[in-house]
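Okay, here's what each chain looks like letter by letter:
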Amino acid sequence: TAPPTLAARPPLRAPRLRHPPLPVRASRTVRRETAPLPRPASVMSATGLSLGVNKGHVVTKLARTKAPRSSAKRAKVVRDVVKRAMGLAPYEKRILEVIKTGGGNVEKRAYKMAKQRLGTNKRAKAKREELKNLYAAQRAAAAKAQ
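The present account deals with the structure reproduced in this document. This structure is a prediction, so every number in the text was calculated from the model and none was measured.

**Side note on the nonpolar core**
Item 1. Core analysis: the largest hydrophobic core is formed by 14 residues, its most contacted members being Ile95, Leu96, Ile99 and Leu131.
Item 2. Sorting the residues of this core by element identifies helix H2 (90–101), helix H3 (106–118) and helix H4 (121–145) as the ones contributing at least two each.
Item 3. For Ile99, the contacting residues outside a window of four places in its chain are Val106, Ala110, Arg128, Leu131, Lys132 and Tyr135.

**Brief notes about the layout of surface pockets**
Item 1. Roughly 310 Å³ of volume is contained in the largest pocket.
Item 2. For the largest pocket, the full set of lining residues is Lys76, Arg79, Asp80, Val82, Lys83, Gly87, Leu88, Glu130 and Leu134.
Item 3. Every element with two or more residues in the lining of the largest pocket is listed here: helix H1 (72–86) and H4.
Item 4. A breakdown of the residues in the lining of the largest pocket according to their chemical character gives 3 nonpolar, 1 polar and 5 charged.

**Examining unusual backbone geometry**
Item 1. Its identity as a non-glycine residue notwithstanding, Asn105 has a phi of 55 degrees, on the positive side.
Item 2. Position of Asn105 relative to the elements: it lies in the loop between H2 and H3.
Item 3. Among the residues examined, Asn105 registers a relative accessible area of 51% and is labelled exposed.

**Quick notes on H1**
Item 1. For H1, spanning 15 residues, the distance from its first C-alpha to its last is 21 Å, which sits close to the expected 21 Å at 1.5 Å a residue.
Item 2. Counting buried residues in H1 gives 0 out of 15 residues, a small share hidden from the surface.

**Topic: the side chain of Glu92**
Item 1. Relative to the elements of secondary structure, Glu92 occurs in helix H2.
Item 2. Using a relative accessible area of 3% as the deciding quantity, one classes Glu92 as buried.
Item 3. Only 3.1 Å separates the side chain of Glu92 from the side chain of Lys83, close enough to count as a polar contact.
Item 4. In this structure Glu92 touches Lys83, Lys127 and Leu131, once residues within four positions along its chain are discounted.

So, how was this worked out
- Residues numbered from 1 in each chain as written.
- Predicted model: local features only at pLDDT ≥ 70, side-chain atom pairs only at ≥ 80, totals over all residues.
- Heavy atoms only, no water.
- Core = buried A, V, L, I, M, F, W, Y, C linked by side-chain atoms within 4.5 Å.
- Buried < 20%, exposed > 50% of the residue type's maximum accessible area, 1.4 Å probe, protein only.
- Helix = DSSP H or I, 4+ residues; strand = E, 2+ residues; numbered from the N terminus.
- Contact = heavy atoms within 4.5 Å.
- 1 Å grid on protein atoms, 1.4 Å probe; cavity = no way out; pocket = protein on both sides within 12 Å on 5 of 7 lines; lining within 4 Å.
- Points joined across faces, edges and corners; volume = space filled by probe spheres on them.
- Nonpolar A, V, L, I, M, F, W, Y, C, P; charged D, E, K, R; others polar.
- Expected span 1.5 Å × (residues − 1).
- Polar contact = N/O pair within 3.5 Å; in protein donor to acceptor, adjacent residues only side chain to side chain.

Following this line, the structure appears as structure tokens:
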């Protein structure tokens, strides 16, 4: 028998869905041509409604209090005691060794090593200065002992 032609085939129909398709909603976002104006604090209080600009449960706002902080002097003393008891960290020892041996561009080398470990320019420069001062104090103490 001959194959059926295209005209003889039954038309294709869309598969049946279990649920009818949902209607497409319009976008909820509305483009503003200008930036919204800031509202005063008195207007920003909640209305108790679930709709609108100031939607939400009405509450009384608590005054913010400052968190208690220990003094900076105490923290500095604690760090100093720990530094004396524990000594230098391994990376600090390496940087100090670079400063001691000298050579070409010691400052840059020490800075780069500190920056790699500490992450920021400010911290690296502070650490380099701290270790330079430590080395100077060690040299002064050694000169005084002789």
